Amino acid sequence: MSTNVSKIVEFQQENRTFAEKLIIFMKTVLSGIRPTGNLHLGNYYGAMVNFLKMQEENKCYFFIADWHSLTTHPDPKMLHVNVKNILSEYLACGLDPEKATIYIQSDIPEIAELYLLLNMQAYLGELEKTVSFKDKARQNPDNVNAGLLTYPVLMATDILVHNADYVPVGKDQEQHLEMTRNYAARFNHRYGVNYFKQPTAFVSDQKLVKIPGLDGSGKMGKSEGNAIYLIDEPKTIEKKVKSALTDNGPEGQNTPKPEYIENLFTLLHVVSTPEVVAYYDNLWNTGETKWYGNLKKQLAEDIIKATTPIRERINDIKNNDAYLHKVTTEGAEKARESARKTLREVREIMGFKAF
Ligand code: TYM
């Protein structure tokens, strides 16, 4: 049965309320973040702002990817603390358990089963060529474990277990999405079905975002040591922005910006108004010098303005264990219901039948 036909049949079935019927036609959205530290501006502007937009109009699943973080063998005591931090930060940013299903990956055992099944659609050659695998293997040659190799399969499982349409992520996850589409298509082709959808990265403003670090090159990241965190105090933010790499100023009118200056403008673009960006862009183009100090002051001020309300909420939420327990148990229940349905259908397609 095609997806549309099955949706119409589902729509007509039983005594569903009107709201339940509408949900059937909503797009499914899924995304997750690893609990390997606190959320930083890269996570926020690369992923979270889209989570917040999408929870308003879609059927959303947002989770904490704790199994994914095992590739680096986290200290068990720290794992729980980190999951709690990310969960509190999700909620402080405005993720709403009334609108989205919020859960912890390891609470959903069906993900482990689908991961096993999808591993049969993944080939060694392509896994070894994945950019994230090659980077991690180069950085940690003593810990090239199988979980690292099959990381994209686990990520594909997260997405396919709810048969998601859209996956809001930053630019660094683009290749993983492409692999997910490959596994979905391979599964469909092998079993002669049109079961898994082709999920796409959710793109706002037409492009996937890469928030740079303040150290002049590359992306902002927890392991890169160049991040501004949502929980950073204003003084810390000012200090970090002040220490960003600059030079003596433009070497003439309308010259191209070097990467480390372009990076400051990228950050300004996400936290400040278009007028502020245009003002400093204009200063650059006139070739004037000695305004970097003002730009950094403005940038720090605007980051502080954006993060302060979130930071203030984080601590309140983190101290409310009863609320965190309620969010994760209810989230796990809803996520498992959807995952169980997928597993039932996948098992049947693959020929696993009860006697
Ligand atoms: P993770 O935990 O590294 O990052 C979480 C999200 O933040 C985005 N991000 C950035 N975006 C722009 N600029 C940056 N500097 C930046 N740094 C991080 C990431 O693109 C991501 O959207 N594999 C994923 C977690 C995951 C997942 C999934 C995501 C597991 N299963 C299923 C989506 C769907 C990861 O390691 O993200």
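Not measured: the values here are computed from a predicted model. (Residues numbered from 1 in each chain as written. Predicted model: local features only at pLDDT ≥ 70, side-chain atom pairs only at ≥ 80, totals over all residues. Heavy atoms only, no water.)

Points about the nonpolar core
In step 1: Core analysis: the largest hydrophobic core is formed by 58 residues, its most contacted members being Met48 and Tyr90.
In step 2: By residue number, the principal contributor to this core is helix α14 (residues 292-318), which donates nine residues.
In step 3: Taken domain by domain, this core gets at least three of its residues from each of domain 1 (27-209 + 330-350) and domain 2 (234-317).
In step 4: Excluding residues that lie within four positions of it along the chain, Met48 makes contacts with Leu39, Asn43, Tyr90, Cys93 and Leu95.
In step 5: Core analysis: the next-biggest nonpolar cluster, separate from the first, contains 41 residues, Leu117, Leu148, Tyr183 and Leu343 among them. (Core = buried A, V, L, I, M, F, W, Y, C linked by side-chain atoms within 4.5 Å. Buried < 20%, exposed > 50% of the residue type's maximum accessible area, 1.4 Å probe, protein only. Helix = DSSP H or I, 4+ residues; strand = E, 2+ residues; numbered from the N terminus. Domains from an automatic or database assignment. Contact = heavy atoms within 4.5 Å.)

A short note on the environment of Ile228
In step 1: With respect to the element layout, Ile228 can be found in the loop between β5 (200-202) and α11 (234-242).
In step 2: A C-alpha to C-alpha distance of 6.0 Å links Ile228 and Leu41, two positions 187 residues apart in sequence.
In step 3: Leaving out residues up to four positions away in the same chain, Ile228 has contacts with His40, Leu41, Leu214, Met220, Ile237, Lys240, Val241 and Ile303.

As for the pattern of salt bridges
In step 1: Inspection of every chain in the model, using the stated rule, returns 17 salt bridges.
In step 2: The shortest N-O distance in the salt bridge between Lys219 and Asp172 comes to 2.9 Å. One end of the pair, Lys219, is in the loop between β5 and α11; the other, Asp172, is in the loop between β4 (166-168) and α10 (174-191), with 47 residues separating them in the sequence.
In step 3: We classify Lys219 as partly exposed; its relative accessible area is 31%.
In step 4: A residue is classified by how much of its surface remains accessible, and Asp172, at 43% relative accessible area, is partly exposed.
In step 5: Put simply, Asp302 and Lys305 hold a salt bridge, and the shortest N to O gap is 3.9 Å. With a gap of three residues between them, Asp302 and Lys305 both fall in helix α14, about one helical turn apart. (Salt bridge = Lys/Arg side-chain N within 4 Å of Asp/Glu carboxyl O.)

Quick look at the site of the ligand
In step 1: Neighbouring the ligand are 28 residues; Arg34, Tyr151, Asp158, Asp172 and Ile211 lie closest to it.
In step 2: Between Asp158 and the ligand, the recorded distance is 2.7 Å, taken from a side-chain N or O atom to a nitrogen atom.
In step 3: The protein chains hide 98% of the 710 Å² of surface that the ligand would expose on its own.
In step 4: Mapped by element, the contributors of at least two residues to the shell around the ligand are β1 (28-33), α3 (41-54) and α9 (151-160). (Near = heavy atom within 4 Å. Polar contact = N/O pair within 3.5 Å; in protein donor to acceptor, adjacent residues only side chain to side chain. Areas by Shrake-Rupley, 256 points an atom, 1.4 Å probe, with all protein chains shown as cover.)

Here's the deal with α10
In step 1: Across its 18 residues, α10 extends 26 Å between first and last C-alpha, which sits within 8% of the 26 Å expected from 1.5 Å per residue.
In step 2: Regarding α10, the residues found buried are His176, Leu177, Met179, Thr180, Tyr183, Ala184, Phe187 and Asn188.
In step 3: Where the residues of α10 are buried, they touch α6 (124-129), α7 (131-139), α9, β4, β5 and α15 (321-350).
In step 4: Gly192 sits one or two positions beyond α10 and adopts a positive phi of about 60 degrees. (Expected span 1.5 Å × (residues − 1).)

As for the packing of α11 against α14
In step 1: Running from N to C, α11 and α14 point in directions that differ by 145 degrees, and their axes come no closer than 9 Å. The interaxial crossing formed by α11 with α14 has right-handed handedness. Seen from α11, the contacting residues are Pro234, Ile237, Glu238, Val241 and Lys242; seen from α14, they are Lys296, Leu299, Ala300, Ile303, Ile304, Thr307 and Arg311.
In step 2: Classifying every residue of the contact of α11 with α14 by side-chain character gives seven nonpolar, one polar and four charged. (Axes fitted to C-alpha atoms, helices over the stretch in contact; angles between N-to-C directions. Left-handed = near helix turned anticlockwise from the far one by under 90°. Nonpolar A, V, L, I, M, F, W, Y, C, P; charged D, E, K, R; others polar.)

Side note on unusual backbone geometry
In step 1: One non-glycine residue, His73, lies in the positive phi region at around 50 degrees.
In step 2: The residue His73 is located in the loop between β2 (59-64) and α4 (76-93) in this model.
In step 3: When its relative accessible area of 56% is taken as the criterion, His73 is described as exposed.
In step 4: Backbone geometry at Lys290 places phi at a positive 65 degrees, although glycine is not the residue there.
In step 5: Its location among the elements puts Lys290 in the loop between α13 (274-286) and α14.

Observations regarding the domain arrangement of the chain
In step 1: If you check the domain split of the chain, you get domain 1 (27-209 + 330-350) and domain 2 (234-317).
In step 2: If you average the C-alpha positions of domain 1 and of domain 2, the two centres end up 32 Å apart.
In step 3: Counting residues at the interface gives eight residues for domain 1, matched by ten residues for domain 2.
In step 4: Of the roughly 800 Å² buried at the junction of domain 1 and domain 2 (both faces included), carbon and sulfur atoms supply 78%.
In step 5: Broken down residue by residue, the surface that domain 1 buries against domain 2 is led by Leu41, Tyr45 and Ala92, which jointly contribute 61%.
In step 6: At the boundary of domain 1 with domain 2, the tally comes to zero salt bridges.
In step 7: For the interface between domain 1 and domain 2, the tally reads one residue pair in polar contact (both at pLDDT 80 or more).
In step 8: When residues of the side of domain 1 that touches domain 2 are traced back to their parent elements, those giving at least two are α3 and α4. (Buried area = accessible area lost by both parts, 1.4 Å probe.)

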